Amino acid sequence: MSEKPEESGYWAANIRIVTWCLVIWATVSFGFGILLRPLLSGIPVGGTDLGFWFAQQGSILVFLALIFFYAWRMNRLDREFGVDEQ
Amino acid sequence: MDQFTINLLFVGASFALYIGIAIWARAGSTSEFYAAGRGVHPVTNGMATAADWMSAASFISMAGLIAFVGYDNSSYLMGWTGGYVLLALLLAPYLRKFGKFTVPEFIGDRFYSPTARMVAVICLIVASVTYVIGQMTGVGVAFGRFLEVSNTTGLLIGAVVVFAYAVFGGMKGVTYTQVAQYCVLITAYTIPAIFISLQLTGNPVPALGLFAEHQASGEPLLMKLDQIVRELGFAEYTAHHADTLNMTLFTLSLMIGTAGLPHVIMRFFTVPRVADARWSAGWALVFIALLYLTAPAVGAMARLNITDQFWPQGTQGEAVSVETIETDPAYAWMMTWQKTGLLGWEDKNGDGRIQYYNDANPAMAERAAEAGWTGNELTRFNQDILVLANPEIANLPGWVIGLIAAGGLAAALSTAAGLLLAISSAVSHDLLKGQLTPNMSEKAELLSARIAMAAAIAVATWLGLNPPGFAAQTVALAFGIAAASIFPALMMGIFSKRVNNLGAVAGMLTGLIVTVVYIFLHKGWFFVPGTNTFTDADPLFLTVQSTSFGAIGAILNFAVAIAVSRVTAAPPQEIQDLVESVRVPRGAGAAAADH
């Protein structure tokens with residue numbers, strides 16, 4: 001084991017990425033899909049509104065993008081801090 | 001060839017395929033049984049995870065719940081996919097680095113406490129058995145239709161098949177069987193959806209067809225659907241009617257529960273590297289999303305087709321006649337599903353027609369009085385039959401109907417078998433071998449695993465005779481229990497060095513007990529009808545229904561664990577070092593079981 005992840009800043013960088021990803025995760029599902037739907041009701045999508053689209057399809061597509069982004073970003077972060085698997 | 005023979009052929013052929021693959025792949029060593037995913041590409045592992053995870057709830061039940069409720073049940077779609085974000089970001093890579101095989105092992109080691117491991121075993125068993133009840137409900141529907149017997153007989157036959165299937169052995173461990181099951185399941189789900197989407201909108205992609213134009217009327221499909229359900233007195237399909245607090249908590253509960261279910265988490269223990277654990281979660285969601293993006297289209301289009309069948313001249317015209325239902329081949333599905341007891345109609349006003357409308361809506365009273373209707377005459381339509389009946393309703397060819405029967409059974413059986421194996425390994429490996437009788441022989445361990453499996457399926461079948469809801473609703477209760485008990489302990493074990501043994505045990509027990517009691521107060525003790533004190537229509541706490549309470553249970557779990565840890569001693573240094581090491585990928589060896 002090299003130096004502790006806390007001291008190197010690796011863990012703090014990870015927490016920052018996770019936090020931002022979870023903010024987006026909550027915004028598209030609980031936000032656009034449920035709580036903020038009235039605000040999006042003016043934007044029509046195929047016979048209904050954008051909030052309905054986010055609740056039934058959009059959020060799932062964003063979830064996919066988030067997981068792949070996180071995997072790519074973290075695997076790069078591992079190498080930057082030299083903590084990747086060799 | 002009649003439909004019954006075609007169904008038999010499809011189901012038989014798919015089973016032969018799984019068994020063939022199991023025998024072919026079985027030649028490997030016993031360690032392959034435990035490390036199912038090792039050396040397997042993340043894409044393949046993702047596909048197997050998707051098969052393991054998508055059950056009767058996703059396949060048979062979910063689209064039906066969306067069809068009859070509309071937007072308000074979007075929670076299932078967001079909840080059962082959003083959980084993978086939590087899994088990928090908060091648990092999977094760290095649990096892989098930890099390098100053990102079961103969830104109770106991680107909890108026992110991280111919280112340096114055999115008691116914590118025992119409590120985790122109990123949480124796991126309660127959540128998994130509840131989950132199996134939901135699967136049995138789905139299996140009962142599928143076998144009932146496919147063998148043309150009553151739902152209860154179908155359930156009992158299904159129990160025997162699931163038991164044989166799970167005992168048959170390491171099938172769950174054989175990743176390639178699950179890959180085959182995924183292929184059967186996704187083909188069976190999408191082919192009818194493509195046909196129906198083409199019929200209604202001309203668009204071959206159901207997910208796009210949902211937002212496309214309805215060819216017969218020239219209006220957008222969802223607008224047309226809103227209009228016809230409104231004219232029959234039902235709630236508009238795309239509108240928000242549900243209580244917002246409950247809908248939010250329900251979605252959250254399903255998300256946290258997804259990330260807390262032992263048989264899904266187990267998959268990430270055994271991928272080759274930490275980096276692969278991150279990719280695997282993404283690939284699993286790709287394969288899950290193929291079904292989840294299609295499901296809302298299946299629901300909306302089926303609702304449109306069903307309404308059209310009952311009102312062939314439009315909602316303002318005459319309803320379908322009893323004679324047509326009994327003789328027209330387009331209505332043959334109603335005659336066959338009637339045999340299962342899950343579909344029923346009654347010509348209450350004796351006019352020779354079946355009026356399907358919402359008789360509870362006062363706005364319909366005037367039209368009903370004028371036309372001489374005396375109530376909704378479609379007296380019984382179990383929402384769980386929708387996906388399986390869908391190809392028949394749309395008059396698709398016989399082989400498509402056979403295919404969907406095979407797909408529904410693949411979904412239910414793969415998950416039920418996976419859960420039974422998780423239960424039996426928790427009992428024999430974590431509880432007996434790990435705690436009570438450490439010196440037991442391999443043979444005795446295997447025997448106790450089989451007994452645990454038989455007991456679990458007996459309990460699940462018995463409780464499944466009075467299911468607390470439709471398959472997906474029962475499964476939602478299981479997710480609530482997993483959310484309230486297992487997920488918080490795992491997350492705190494990784495993200496906090498301060499949470500200690502006492503805190504974790506107190507937190508898990510609080511989450512589990514409060515959630516289970518809340519469920520029993522609303523659904524009846526052990527789901528026995530009539531023993532409930534409250535109903536989900538008028539719940540105990542604000543507007544929170546029993547299916548949504550898992551999120552609150554999880555919050556209580558976190559709060560209690562942190563509070564108790566604050567006032568008791570910090571974990572010893574070696575445990576804090578363990579947490580440090582779990583947080584970085586470097587040094588991850590192969591996963592190892594203490595066998």
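Residues numbered from 1 in each chain as written. Chains lettered and ligands numbered in written order. Predicted model: local features only at pLDDT ≥ 70, side-chain atom pairs only at ≥ 80, totals over all residues. Heavy atoms only, no water.

### Considerations on the overall build of chain B
Link 1 in the chain: Helix and strand content of chain B: 24 helices and six strands.
Link 2 in the chain: Its C-alpha atoms give chain B a radius of gyration of 24 Å, near enough to 25 Å, the size a compact globule of 595 residues would have.
Link 3 in the chain: Oriented by its inertia axes, the alpha-carbon framework of chain B measures out at about 80 × 55 × 40 Å.
Link 4 in the chain: Here chain B holds 595 residues, and the buried ones make up 62% of them.
Link 5 in the chain: If you take every contact in chain B between residues at least 6 apart in sequence, the share linking residues at least 24 apart comes to 80%.
Link 6 in the chain: In the structure as shown, chain B presents an accessible area of about 19700 Å², 64% of it carried by carbon and sulfur atoms.
Link 7 in the chain: Counting 29 positive and 37 negative side-chain charges, chain B places the centres of these two groups 17 Å from one another. (Helix = DSSP H or I, 4+ residues; strand = E, 2+ residues; numbered from the N terminus. Rg over C-alpha atoms; globule rule 2.2 N^0.38 Å. Buried < 20%, exposed > 50% of the residue type's maximum accessible area, 1.4 Å probe, protein only. Contact = heavy atoms within 4.5 Å. Areas by Shrake-Rupley, 256 points an atom, 1.4 Å probe, with all protein chains shown as cover. Lys, Arg positive; Asp, Glu negative; His and termini not counted. Charge placed at Lys NZ, Arg CZ, Asp CG, Glu CD.)

### Here's the deal with the pattern of salt bridges
Link 1 in the chain: Across all of its chains, the model carries 14 salt bridges over all chains by this definition.
Link 2 in the chain: For R586(B), the salt bridge is made with D84(A), and the minimal N-O distance between the two is 3.2 Å. Within this pair, whereas R586(B) is found in the segment after α24 (573–582), its partner D84(A) is found in the segment after α4 (50–80), the two belonging to separate chains.
Link 3 in the chain: Classification of R586(B) as partly exposed rests on a relative accessible area of 24%. (Salt bridge = Lys/Arg side-chain N within 4 Å of Asp/Glu carboxyl O.)

### Considering the interface of chain B and chain A
Link 1 in the chain: Across the boundary between the two partners, chain B contributes 58 residues, which contact 46 residues of chain A.
Link 2 in the chain: Each partner contributes to the roughly 4600 Å² buried at the junction of chain B and chain A, and carbon and sulfur atoms together form 70% of this total.
Link 3 in the chain: When the area that chain B buries against chain A is broken down by residue, the three leading residues are F211(B), R278(B) and R586(B), summing to 17%.
Link 4 in the chain: Counting the contacts that link chain B with chain A gives two salt bridges.
Link 5 in the chain: The interface formed by chain B and chain A contains 13 residue pairs in polar contact (both at pLDDT 80 or more).
Link 6 in the chain: Mapped onto the side of chain B that touches chain A, the elements with two or more residues apiece are α5 (74–98), α11 (221–231), α12 (244–258), α14 (274–310), α21 (471–495) and α24 of chain B.
Link 7 in the chain: Here the side of chain B that touches chain A is composed, by residue class, of 38 nonpolar, 12 polar and eight charged. (Buried area = accessible area lost by both parts, 1.4 Å probe. Polar contact = N/O pair within 3.5 Å; in protein donor to acceptor, adjacent residues only side chain to side chain. Nonpolar A, V, L, I, M, F, W, Y, C, P; charged D, E, K, R; others polar.)

### Some remarks on α5(B)
Helical periodicity: at 3.6 residues per turn, an α-helix aligns residues three or four positions apart in one direction.
Residues and elements named next belong to chain B.
Link 1 in the chain: For α5, with 25 residues, the first-to-last C-alpha span of 35 Å sits near the 36 Å given by 1.5 Å per residue.
Link 2 in the chain: Along its length, α5 reaches its greatest deviation from straightness, about 50 degrees, at L87.
Link 3 in the chain: Two residues or fewer past α5, G99 is found with a positive phi of approximately 75 degrees. (Expected span 1.5 Å × (residues − 1). Bend = angle between axes of the 7 residues up to and from the residue.)

### Regarding the domain arrangement of chain B
Many descriptions give the size of an interface as the accessible area lost when the pieces come together.
All names here are of chain B.
Link 1 in the chain: By the assigned domains, chain B splits into domain 1 (41–305 + 391–582) and domain 2 (343–381).
Link 2 in the chain: The C-alpha-based centres of domain 1 and domain 2 are spaced at 37 Å.
Link 3 in the chain: Listed by partner, the interface residues are six residues for domain 1 and seven residues for domain 2.
Link 4 in the chain: Together domain 1 and domain 2 conceal approximately 630 Å² of surface at their shared face, both sides included; 63% is due to carbon and sulfur atoms.
Link 5 in the chain: Summed over the shared surface of domain 1 and domain 2, the number is zero salt bridges.
Link 6 in the chain: For the pair domain 1 and domain 2, the interface holds three residue pairs in polar contact (both at pLDDT 80 or more).
Link 7 in the chain: A per-class count over the side of domain 1 that touches domain 2 returns three nonpolar, one polar and two charged. (Domains from an automatic or database assignment.)

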